[in-house]
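# A structural walkthrough
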Amino acid sequence: GQNIDQPTEMTATEGAIVQINCTYQTSGFNGLFWYQQHAGEAPTFLSYNVLDGLEEKGRFSSFLSRSKGYSYLLLKELQMKDSASYLCVPLTGGFKTIFGAGTRLFVKA
Amino acid sequence: EAEVAQSPRYRITEKSQAVAFWCDPISGHATLYWYRQILGQGPELLVQFQDESVVDDSQLPKDRFSAERLKGVDSTLKIQPAELGDSAMYLCASSLGQGVIGDTQYFGPGTRLTVL
């Protein structure tokens, strides 16, 4: 079956670093997306990993380990506007995206 | 920057009425998706089109929901009759084409439906 496991909620302080972990089980695998979704808005694309390792894009980095079924999103220099839900979205062998509820991140001053 | 367009942004209706949502994908995107998102949950795929053909509607409640993409460009999602449990955000997304490694879905702003 298909399964995604992320923490439901996390809280961090402005200016800090936070790591959002995701483990997944899918029927085949063709990469993993991270999306950001602010309350009441649509998801926006952050990153895509298909090979093992770290992809850095500004303050955001995403890591993938295919053998462990594990990914994380790293947010540096947190800002209040980073308060949002972060969705870990694997792409299955049949090219279907699997959306879970994501992790709600609260950034406090 | 190209965007997915959706209308209306908000819709309030009474139960048993009919509602329709419209989506215009990014130009050149062959794949179009309709999702329903209930507060606190992740998006749930209702229907997926590849050009004008439905490739996945396994989660679409076909007794009341219908979707079409007649010319393979814009799309309409209809609910008739609406029920209280249909209150949710309806999201449309598009991508270049399913089956492509890294095929990224881009979402429109969504339609917030409230059924009274």
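Just so it is clear, the model here is predicted, and its values are computed rather than measured.

So, on to the sheet that holds strand β2 (residues 9-13) of chain A. All names here are of chain A. Ordered in space as β2-β10-β9-β4-β5, the five strands form an open sheet in which the pairing is mixed. Each edge of the open sheet carries a strand with a single partner, namely β2 and β5 (44-49). Pairwise comparison of adjacent strand axes, ignoring direction, gives a mean angle of 25° for this sheet. Pairing geometry for β2 and strand β10 (residues 103-108), over five bridges, is parallel. If you follow E9 over to β10, its bridge partner there is R104.

The next point concerns the layout of surface pockets. Approximately 540 Å³ is the volume attributed to the largest pocket. Lining the largest pocket are 27 residues; nearest its centre among them are Q37, S85, A101 and R104 of chain A together with G40 of chain B. Those elements giving two or more residues to the lining of the largest pocket turn out to be β9 (84-90) and β10 of chain A. Of the residues that constitute the lining of the largest pocket, the class distribution is 11 nonpolar, 13 polar and three charged.

What follows covers the environment of L113 of chain B. All names here are of chain B. Along the polypeptide, L113 turns up in strand β11 (residues 111-115). As for L113 and V19, which are separated by 94 residues in sequence, their C-alpha atoms are 9.0 Å apart. In this structure, L113 is in contact with R11, T13, V19, F21, I79, D86, S87, A88 and Y90, ignoring residues within four places of it in sequence.

Of note, Y35 of chain A is situated in strand β4 (residues 32-37). Here the alpha-carbon distance between Y35 of chain A and Y48 of chain A, two residues 13 residues apart in the chain, equals 9.2 Å. Of note is the side chain of Y35 of chain A, whose polar atom sits 2.7 Å from the backbone oxygen of Q105 of chain B.

Right, let's get into the state of the cysteines. Within this structure, the stated rule accounts for two disulfides over all chains. Two residues, C22 of chain A and C88 of chain A, share a disulfide whose sulfurs are 2.0 Å apart. Taking the sign of the S-S torsion, -65° for the link of C22 of chain A and C88 of chain A, the bridge is left-handed. One end of the pair, C22 of chain A, is in strand β3 (residues 18-25); the other, C88 of chain A, is in strand β9, with 66 residues separating them in the sequence. With relative accessibility at 0%, the residue C22 of chain A sits in the buried group. Two residues, C23 of chain B and C92 of chain B, share a disulfide whose sulfurs are 1.9 Å apart. Measuring the twist about the S-S bond at about -70°, one finds the C23 of chain B-C92 of chain B disulfide to be left-handed. You can see C23 of chain B sitting in strand β3 (residues 19-24) and its partner C92 of chain B sitting in strand β9 (residues 88-95), a full 69 residues away along the chain. Since its relative accessible area comes to 0%, C23 of chain B is described here as buried.

Cut-offs and rules
- Residues numbered from 1 in each chain as written.
- Chains lettered and ligands numbered in written order.
- Predicted model: local features only at pLDDT ≥ 70, side-chain atom pairs only at ≥ 80, totals over all residues.
- Heavy atoms only, no water.
- Pairing = 2+ DSSP bridges.
- Helix = DSSP H or I, 4+ residues; strand = E, 2+ residues; numbered from the N terminus.
- Axes fitted to C-alpha atoms, helices over the stretch in contact; angles between N-to-C directions.
- 1 Å grid on protein atoms, 1.4 Å probe; cavity = no way out; pocket = protein on both sides within 12 Å on 5 of 7 lines; lining within 4 Å.
- Points joined across faces, edges and corners; volume = space filled by probe spheres on them.
- Nonpolar A, V, L, I, M, F, W, Y, C, P; charged D, E, K, R; others polar.
- Contact = heavy atoms within 4.5 Å.
- Polar contact = N/O pair within 3.5 Å; in protein donor to acceptor, adjacent residues only side chain to side chain.
- Disulfide = S-S within 2.5 Å.
- Buried < 20%, exposed > 50% of the residue type's maximum accessible area, 1.4 Å probe, protein only.

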